[in-house]
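Take a look at the letters that make up each chain.
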Amino acid sequence: MQKTGKITVRGIVQGVGFRPFVYAQARRLGISGSVKNLGSEVEILARGDRFDLFLTEISRGPPLSRIDSVDVTLVRQEIPEGFFILPSGSGSLTGMIPPDIAICDDCISDIFSRGGRYEHYWATSCVNCGPRYSIINTLPYDRERTSMTDFPACPECAKEYRDPGCRRHHAQTIACSICGPELELSDTRGNRVEGLDPLKEAAELLDAGKILAIRGVGGFHLACVEESADELKRRLGRIEQPFAIMVRPDHIDRLAIVSRQEKHQLESQVHPIVVLKKRDPTAHASISNLHTIGCMLPYTGLHHLLFRYLKHPLLIMTSANMPGYPMITGNDQAMGKLNRDVDFFLTHNRKIVNRCDDSVMRDGYIIRLSRGIAPKRTPVNLGTRCILGVGPELNANATLYSNGFAVTSPHVGNVRNPATLDYLQETVSNLKRLLGAAFEVIAHDLHPQFLSTRFAREIASDHGLELVPVQHHRAHIAATTTEPCIGIAIDGVGYGDDGTVWGSEIFSGQVPDLKRVAHLEPVAMPGGDLATRFPERMLYGILPDKKILSLLGNRGWSDIELGVLEQQMVRGFNVMNTTSTGRVLDAVSALLGICRERTYDGEPAMKLESAAVGGRIEEWELGFSTRNGCEQLSSHSLVRQALLQKEAAPDGNERVIRDIAASFQYNLARGIAQLALHAAEREGIHRIALSGGVAYNHAIRETIRREITDYGAECVMNLDYPLGDGCVSFGQCMYAGKLLCLRD
Ligand SMILES: [Zn+2]
Ligand SMILES: [Zn+2]
């Protein structure tokens, strides 16, 4: 029997080839009617005998879509024969745009097929791949609302766009070498390098050791071959920090051990940087002096073509930005800021509307939530009020909750300077515009001095909105689970309820009612932030012992410096207390002579992890005590153990250091797990959530997990959001939402 109905599909249904998909199904099933984008939704009018089957088919959606709901109303309406894609109209914005998607295999073969329209064209894409978030101004998703509006389609592209049989039917990014964005190679004075092919020239320059700024999908990369890595470091003044690399797919197994899961991630539509274990931990030291190396595969036509010409099998590809500042996106900005760091620029003239850094993953966990993943949209029920989470200070992003969905932005960076704060504000207005949502509540970090906290307060007072302060580590747990749990949050630092620096917190309860029940023993940070930069200070803060002073003396500390340090501890002048897990790891890294100055986030602890790989583990005695109703694990007894071991082997070779590092990590992790398990026992809760940046440390995480599962409890971790601070804005929303639901 013939049925006629209006179908509304909500979710991520634009920019994913939904209209051509519906069109193809309608043609196949003899359905008449029309399809159009409306706001962020897709509206379909359909008439036909096989209406129900048609409905089932379209409810599945094309591969890149995420469908939230399909609503059907039967209507009495005359619908002429045939099926049509109609121009977009405005409507509600409940959905979201998809992230940028790595070039698909079909488009790669188009680029390399002789005589085809797309042969050798760097910006080839189709309905199944290519840039999305980075080029979209507003919804509905049509070419005129993207940065492709500057490139009207040529007759051949327009023909494919209209052709229902073509993979580029209604592909808004369709473009070819005749009508699409163009590449340009120029020197540091902005002079165009003459040559037949900018990509070929660029590859020759790279092979010859030159450093290039390359404009990609969501921003600029700095690129060079391995032999030029030291020169790039020298120019950037970044001597220690590892670089990410882009590797020819057939070469990756030679330099790293790639599990099946990791291979799958590398090749997924995200194409993230995956932190892999090196085959030889000491190899490629100029790229990474850790036992790991961050690798990605080519993910745009530009990259594939570049590697076609390049003789080297890999390129260093690091985001072009000053540490902690947003990635550079504009051509003029790049010319202005990078001309002393690079020798040449390979740019294009497609505007980057929304900046998007590369995503980073390790062991299946997200380290940086960005290109290909963000905007990240998660269905959650936090009630009717619209909530903004502005994130913490470091590794920040923003999350907006509205109408049953939390949407998290790409990585913003360290909100410590006006440029990054501007980027956070811009990101918040983007989310607001794309979701058509006006937030009523702002969740922010407890720290009163954070720029993000001040930003939250300003908008709240300007617009009369409610503020919900959320303690940093509670946000970590709220991002992991909202079920009753024992929560472990182990990371660098976060502002605590009592105004001290927290970072190894065990909670019990259910969001938003999370009671702090255990932590590492508070230890002194002599000199405050200086103890973060120079971890030997932290070592003395934990172990204020003559032995440490003489160790530091032997390492070149002057008597005056040592005297000041000693007096600082005696008088408590400029000394903060902290329960940070990261700082304890830093201290042992300093004790073992692995890292004496931190030049990038997490450096001492990451180097300790690398130094510990393959070490022989010894079980040490753990010291527990209880103060103010909280159980504490003694950090100083663990550090003292490490010192004793070191003294026992005075001319400590690499093997001894490795064993001590491995044993220290193991016993610290075991101690933290015990704190949680003691709480689990007391409270009768057998669900243990684990979050925080220290949980990226493979040895520490797996020790904690093993202790928990051996005890018979469940270990819960989040695979959809970062374990580090990239989960905090989402956690802030979850926490505030649950609080409001309880209260209202
Ligand atoms: Zn494609
Ligand atoms: Zn064209």
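These remarks concern the structure in this document. Along each chain, the written sequence defines residue order, and numbers are assigned to residues from 1. Each chain gets a letter, beginning with A, and each ligand a number, beginning with 1, in the order they are written. Local features are withheld for residues below a pLDDT of 70 in this predicted model, meaning they are given only at 70 or higher, and side-chain atom pairs are given and counted only at 80 or more; totals for whole chains, interfaces and linings count all residues. Working from all heavy atoms in the structure, the side-chain values ignore hydrogens and water.

1. Topic: the overall build of the protein
Worth spelling out the cut-off: Counting from the N terminus, the helices are the DSSP runs of H or I reaching at least four residues and the strands are the DSSP runs of E reaching at least two. For this measure, only C-alpha atoms enter the radius of gyration; the expected value for a globule follows 2.2 Å times N^0.38, where N is the number of residues. Relative accessibility decides the category of a residue: with a 1.4 Å probe and only protein chains considered, values under 20% of the type maximum give buried, values over 50% give exposed, and everything between is partly exposed.
Summing up its helical and strand segments, the protein has 23 helices and 31 strands in all. Expected size for 744 residues packed as a compact globule is a radius of gyration near 27 Å; at 28 Å, the protein falls within 12% of this value. Judged by the C-alpha coordinates and their principal axes, the protein covers about 90 × 65 × 50 Å. A burial count over the protein gives 61% of its 744 residues as buried.

2. Let's talk about the pattern of salt bridges
As a reminder of what qualifies: Any Lys or Arg side-chain nitrogen found within 4 Å of a carboxyl oxygen on Asp or Glu counts as a salt bridge.
Within the structure shown, the criterion is met by 47 salt bridges. Between Asp106 and Arg167 there is a salt bridge whose closest N-O contact spans 3.9 Å. One end of the pair, Asp106, is in helix H3 (residues 105–111); the other, Arg167, is in the loop between helix H4 (155–162) and strand S6 (183–187), with 61 residues separating them in the sequence. A relative accessible area of 39% places Asp106 in the partly exposed class. Arg167 sits in the partly exposed class, given a relative accessible area of 24%. Its salt-bridge partner being Glu160, residue Arg168 comes within 3.7 Å of it at the nearest N-O pair. Assessed through its relative accessible area of 16%, Glu160 is described here as buried. Salt bridges sharing common partners tie together Asp106, Asp110, Arg117, Glu160, Arg167 and Arg168.

3. Thoughts on empty space enclosed by the protein
To keep things clear, this is the line we draw: Every definition here rests on a 1 Å grid over the protein atoms only: cavities are sets of points where a 1.4 Å probe fits but cannot get out, pockets are open sets enclosed by protein on both sides within 12 Å along at least five of seven lines, and lining residues have some atom within 4 Å of a point. Grid points are joined across faces, edges and corners, and a volume is the space filled by probe spheres set on the points. Each residue gets one of three labels, nonpolar for Ala, Val, Leu, Ile, Met, Phe, Trp, Tyr, Cys and Pro, charged for Asp, Glu, Lys and Arg, and polar for the others, Gly among them.
One pass over the structure, following the stated rule, counts five cavities of 30 Å³ or more. The volume enclosed by the largest cavity comes to roughly 170 Å³. Forming the boundary of the largest cavity are 18 residues, of which Gly130, Pro131, Val217, Tyr299 and Thr300 lie nearest the centre. Residue composition of the lining of the largest cavity, grouped by class: nine nonpolar, six polar and three charged. In this model, the second largest cavity occupies a volume close to 110 Å³. For the second largest cavity, the lining is made up of 17 residues, of which Gly15, Val16, Gly17, Tyr141 and His170 are closest to its centre. Among the elements that line the lining of the second largest cavity, the one with the most residues is helix H1 (residues 18–29), at three residues. Of the residues in the lining of the second largest cavity, the class split is eight nonpolar, seven polar and two charged.

4. Section: the environment of Ser286
The condition that has to hold: A contact between two residues is defined here by any heavy atoms of the two lying within 4.5 Å.
Locating Ser286 in the fold gives a position in the loop between strand S11 (273–278) and strand S12 (292–296). Judged by relative accessible area, Ser286 falls into the buried class, the value being 18%. With 53 residues separating them in the primary sequence, Ser286 and Lys233 have C-alpha atoms 8.9 Å apart. Ignoring any residue separated from it by four or fewer positions in sequence, one finds Ser286 in contact with Glu226, Ala229, Asp230, Lys233 and Phe243.

5. Section: the packing of aromatic side chains
Put simply, the test is: A pair of Phe, Tyr and Trp rings is counted when the ring centres sit within 6.5 Å of each other, with Trp represented by its six-membered ring. The angle between the planes then sorts it: under 30 degrees is stacked, over 60 is edge-to-face, the rest tilted. Placement of a charge over a ring requires the Lys NZ or Arg CZ to be within 6 Å of the ring centre, with the centre-to-atom vector within 35 degrees of the ring normal.
Across all of its chains, the model carries six aromatic pairs by this definition. When the centroid spacing of 6.0 Å and the interplanar angle of 65° are considered together, the rings of Phe18 and Phe21 count as edge-to-face. Here Phe21 and Phe18 lie together in helix H1, a separation of three residues that amounts to about one turn. Here Phe18 falls in the buried class, since its relative accessible area comes to 2%. An aromatic cluster of at least three residues, connected via ring pairs, comprises Tyr23, Phe54 and Phe83. A cation over a ring is seen here: Arg377 above Phe405, with NZ or CZ 3.8 Å from the ring centre.

6. Quick word on the packing of helix H15 (residues 535–542) against helix H17 (residues 559–571)
Test applied: Axes here refer to lines fitted to C-alpha atoms; in helices the fit is confined to the stretch in contact. Angles between the N-to-C directions go from 0 to 180 degrees. Angles below 35 degrees are treated as roughly parallel, those above 145 as roughly antiparallel, those between 65 and 115 as roughly perpendicular, and all remaining angles as oblique. Each helix crossing is assigned a hand: it is left-handed if the near helix lies turned anticlockwise from the far helix by less than a right angle, otherwise right-handed if that turn is clockwise.
Viewed as axis vectors pointing N to C, H15 and H17 meet at an angle of 45°, and their least axial separation amounts to 11 Å. It follows from the interaxial angle that H15 and H17 lie oblique. Note on packing geometry: the crossing formed by H15 with H17 is right-handed. Along its contact with H15, which presents Arg537, Tyr540 and Gly541, the element H17 presents Leu565, Glu566, Gln568 and Met569. Looking at the contact of H15 with H17 residue by residue, the classes come out as three nonpolar, two polar and two charged.

7. Things to note about the layout of surface pockets
Of the volumes computed, that of the second largest pocket is approximately 660 Å³. Lining the second largest pocket are 26 residues, and of these Arg66, Gln269, Gly372, Ile373 and Lys376 sit closest to its centre. Elements supplying a minimum of two residues to the lining of the second largest pocket: strand S4 (66–74), helix H8 (260–267) and strand S17 (376–379). At four residues, the largest contribution of residues to the lining of the second largest pocket is made by S17.

8. Overview of the coordination of the zinc ion (ligand 2)
Which entries qualify depends on this criterion: Coordinating donors are taken as N, O and S atoms within 2.8 Å of the metal, stretched to 3.2 Å for Na, K and Ca; because water is absent from the atoms, sites can appear incomplete. Site shape is set this way: if four donors have all angles between 85 and 135 degrees, tetrahedral; if opposite donors are over 155 degrees apart and all others between 65 and 115, square planar for four donors and octahedral for six; otherwise irregular.
Within the protein, Cys154 (SG), Cys157 (SG), Cys176 (SG) and Cys179 (SG) serve as the donor atoms for the zinc ion (ligand 2), at 2.2 to 2.3 Å. Between the four donor atoms coordinating the zinc ion (ligand 2), the angles at the centre fall across 103 to 117°, so the site counts as tetrahedral. Between the donor residues of the zinc ion (ligand 2), the gaps in sequence give the motif C-x2-C-x18-C-x2-C. Placement of the pair is Cys154 in the loop between H3 and H4 and Cys179 in the loop between H4 and S6, with a sequence separation of 25 residues. The pair Cys154 / Cys179 is uniform in exposure class, with both members buried.

9. Some points on the sheet that holds strand S5 (residues 83–85)
Short version of the rule: Any two strands between which DSSP finds at least two bridges are classified as paired.
Read from one edge to the other, the open sheet built from five strands follows the order S4-S1-S3-S2-S5, with strand pairing classed as mixed. Two strands close off the open sheet at either side, each with one partner strand: S4 and S5. Averaged over all neighbouring strand pairs, the angle between strand axes comes to 15°, with direction disregarded. Against the sheet, H1 engages strand S1 (3–12), strand S2 (32–38), strand S3 (41–48), S4 and S5, with an angle of about 175° to S5.

10. A short note on the sheet that holds strand S18 (residues 387–389)
Ordered in space as S17-S20-S19-S18-S21-S22, the six strands form an open sheet in which the pairing is mixed. Two strands close off the open sheet at either side, each with one partner strand: S17 and strand S22 (466–470). If you compare each strand with its neighbour and ignore which way they point, the axes differ by 20° on average. Packing of helix H12 (residues 451–463) onto the sheet brings it into contact with S18, strand S21 (441–445) and S22, and relative to S21 it is tilted by some 160°.

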